[in-house]
Amino acid sequence: MAAILFIERNSSTNLKQKEKMKKTILAVAAMMMMGAATADAQIDLGRLIQGGAKVVQAIKVSDADMAAYVKEYIEKSDKENKVLGEDSPYVQRLNKLTKGMTDVDGMPLNFKVYESSEVNAFASADGSVRVYSGLMDAMTDNEVLGVIGHEIGHVAHKDVKKAFKQALLNGALRDGIAGASSKLGALTDSQYGDIAQALAQSRFSQKQETQADEYGYEFLESHGKNPVAMLQAFQQLQVQEQKAGQNGQTSFINQLFSSHPDLNKRINNMAKKARKDGYIDANGNIVKEKDPEYIAEQKAAAEAAAKKAVSKKTTTKKSTAKKTTTKKKTTTKKKTTTKKTSTKKK
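Being a predicted model, the structure only gives us computed values, none of them experimental.

**Regarding the overall build of the protein**
Phase 1 of the analysis: The helix and strand inventory of the protein stands at 13 helices and five strands.
Phase 2 of the analysis: Scored against the burial criterion, the 346 residues of the protein give a buried share of 37%.
Phase 3 of the analysis: Of all intrachain contacts in the protein linking residues separated by at least 6 positions in sequence, the fraction that spans at least 24 positions is 70%.
Phase 4 of the analysis: Summed over its atoms, the accessible surface of the protein is roughly 20,200 Å², and 53% of this surface lies on carbon and sulfur atoms.

**Some points on the pattern of salt bridges**
Side-chain pairs of opposite charge can arise whenever the charged atoms involved come near each other.
Phase 1 of the analysis: Counted according to the given criterion, the structure contains eight salt bridges.
Phase 2 of the analysis: Between R130 and D78 there is a salt bridge; the shortest N-O distance is 2.9 Å. With R130 in strand β5 (residues 128-132) and D78 in helix α3 (residues 63-80), the pair connects residues that are 52 residues apart, well separated along the chain.
Phase 3 of the analysis: Residue D141 pairs with R93 through a salt bridge whose shortest N-O separation is 2.7 Å. Note that D141 is positioned in helix α6 (residues 141-157) and R93 in helix α4 (residues 89-97), a separation of 48 residues in sequence.

**Focus: the nonpolar core**
Phase 1 of the analysis: M101, V131, L135, I148, I152 and F219 are the most contacted members of the largest nonpolar core, which has 41 residues in total.
Phase 2 of the analysis: A per-element tally of this core places helix α10 (residues 228-246) first, with seven residues.
Phase 3 of the analysis: Membership of the second largest hydrophobic core comes to 13 residues, among which are M66, I74, F164 and I195.

**Remarks on the sheet that holds strand β3 (residues 110-114)**
Phase 1 of the analysis: With mixed pairing, three strands are arranged side by side in an open sheet as β3-β5-β4. In this open sheet, the two edge strands, each paired with only one partner strand, are β3 and β4 (121-123). For this sheet the average axis-to-axis angle between neighbouring strands, irrespective of direction, equals 15°.
Phase 2 of the analysis: Examined bridge by bridge, β4 and β5 share three bridges and lie antiparallel to one another. Residue F122 lies in a different strand from β5, and its bridge partner there is R130.
Phase 3 of the analysis: In this fold α4 packs onto β3 and β5, with an angle of close to 150° to the strand it touches most, β3.

**Quick notes on helix α12 (residues 263-276)**
Phase 1 of the analysis: The terminal C-alpha atoms of α12 lie 20 Å apart, and with 14 residues this matches the ideal 20 Å at 1.5 Å per residue to within 8%.
Phase 2 of the analysis: Within the sequence span of α12, burial applies to L263, R266, I267, M270, A271 and A274. Buried residues in α12, looked at end-on, bunch into an arc of 130°, giving them a common side. Facing away from the buried side of α12, by more than 90 degrees, are the exposed residues K272 and K276.
Phase 3 of the analysis: One side-chain oxygen of the residue at the start of α12 lies 3.2 Å from the amide nitrogen of N264, identifying that residue as D262.
Phase 4 of the analysis: Of the residues flanking the end of α12, it is G278, one or two places downstream, whose phi is positive at about 85°.

**With respect to the packing of aromatic side chains**
Phase 1 of the analysis: A full pass over the atoms with the stated rule returns three aromatic pairs.
Phase 2 of the analysis: Measuring from ring centre to ring centre gives 6.4 Å for Y114 and F122, while their planes differ by 55°; the resulting arrangement is tilted. Here the two residues Y114 and F122 agree in accessibility, since each one is buried.
Phase 3 of the analysis: Ring centres of Y114 and Y132 lie 5.4 Å apart, and the angle between their planes is 85°; on these two criteria the pair is classed as edge-to-face.

**Let's talk about the pairing of β5**
Phase 1 of the analysis: Counting buried residues along β5, five of its five residues qualify, which places the element largely inside the surrounding structure.
Phase 2 of the analysis: The two faces of β5 match: S128, R130 and Y132 on one face and V129 and V131 on the other face are all buried.
Phase 3 of the analysis: Both β3 and β5 contribute to a ladder of five bridges, which runs parallel. Each bridged residue has a counterpart across the sheet, and for V113 the counterpart in β5 is V131.
Phase 4 of the analysis: Between β4 and β5, which pair antiparallel and follow one another directly, the connecting turn spans four residues, one of which, G127, has a positive phi of 90°.

**Some thoughts on the confidence of the model for the protein**
Phase 1 of the analysis: The predicted model of the protein averages 74 in pLDDT, with 61% of residues at 70 or higher.
Phase 2 of the analysis: Here residues 2-14 is a poorly scored stretch, pLDDT under 50, and it has 53 contacts once near neighbours within four places are set aside; other chains count.
Phase 3 of the analysis: Here residues 24-49 scores under 50 on pLDDT; set against residues more than four positions off or in separate chains, the count is 16 contacts.

Analysis parameters
- Residues numbered from 1 in each chain as written.
- Predicted model: local features only at pLDDT ≥ 70, side-chain atom pairs only at ≥ 80, totals over all residues.
- Heavy atoms only, no water.
- Helix = DSSP H or I, 4+ residues; strand = E, 2+ residues; numbered from the N terminus.
- Buried < 20%, exposed > 50% of the residue type's maximum accessible area, 1.4 Å probe, protein only.
- Contact = heavy atoms within 4.5 Å.
- Areas by Shrake-Rupley, 256 points an atom, 1.4 Å probe, with all protein chains shown as cover.
- Salt bridge = Lys/Arg side-chain N within 4 Å of Asp/Glu carboxyl O.
- Core = buried A, V, L, I, M, F, W, Y, C linked by side-chain atoms within 4.5 Å.
- Pairing = 2+ DSSP bridges.
- Axes fitted to C-alpha atoms, helices over the stretch in contact; angles between N-to-C directions.
- Expected span 1.5 Å × (residues − 1).
- Arc of directions from axis to C-beta.
- Polar contact = N/O pair within 3.5 Å; in protein donor to acceptor, adjacent residues only side chain to side chain.
- Phe/Tyr/Trp six-rings, centres within 6.5 Å; stacked < 30°, edge-to-face > 60°.
- pLDDT = per-residue confidence, 0-100.

Below, the structure is given as structure tokens:
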């Protein structure tokens, strides 16, 4: 699953790279012109050149421009999908799960739930994390956390910047051929579609996936979550993959995670790490004494017990003080009565 990332301006981009792109564009134009043997296959060279100019311009897009594109994409995505409100059980559940997860490497995070049967989630470079209700239906709390941790790992390592950039280039070329505007301004419908498709179909290398897994593990751990969630997420994905295969359906694993490395290897990697850190025992069972949630519950219980003890002690002290005061009053009253009786006898 992809996470949109900023395309950083590469200071090492040189004239050779630009010349290579220009040559590619000219080659495409030449091939298309050679293939246009009939009137129906004629190409508008002007439009193609405009598309080429747009590609070159896309290469020079600044960080600020890319930030604007990412923002525009997320706003469009939020508009085209049904975003659930704060009163939704899904949103309340997600808010509880992600409590304390405020940023990634200083970048503020914001979470929203899309109402959709699709089992999916993605994170973008502006800190936007979108989780589909279908994924939350298919997974436990920890499993959902594992998916989120993995997605944030891709954001931290900026793995999808090439996919995002390629989507812009593809849209630019198609716009040039189709005769759309050559301005690299607001995202066109085709570019939005390219990016959406890139998000759904992107594939990362084994190294990128492993790095995202490890970062997700450490991110959850550093934010007071049990990193075993990463392991549990992969185990659930494997179960769902097997079910999909038995039913002859296309596995959503292909849409959710890259196939390199395979799930078995990723499960083993996470299990090995969790076992080494003491989160699970030799049999794969969670060690509750290391579970952040268990520790938090024990701490809360201890604080509640201490508070109750203090309250009881204060109440007992007040009760004792009241009894003492009452006793003093009784004694004083008794003495006064005795004194009056003595005076009367005289």
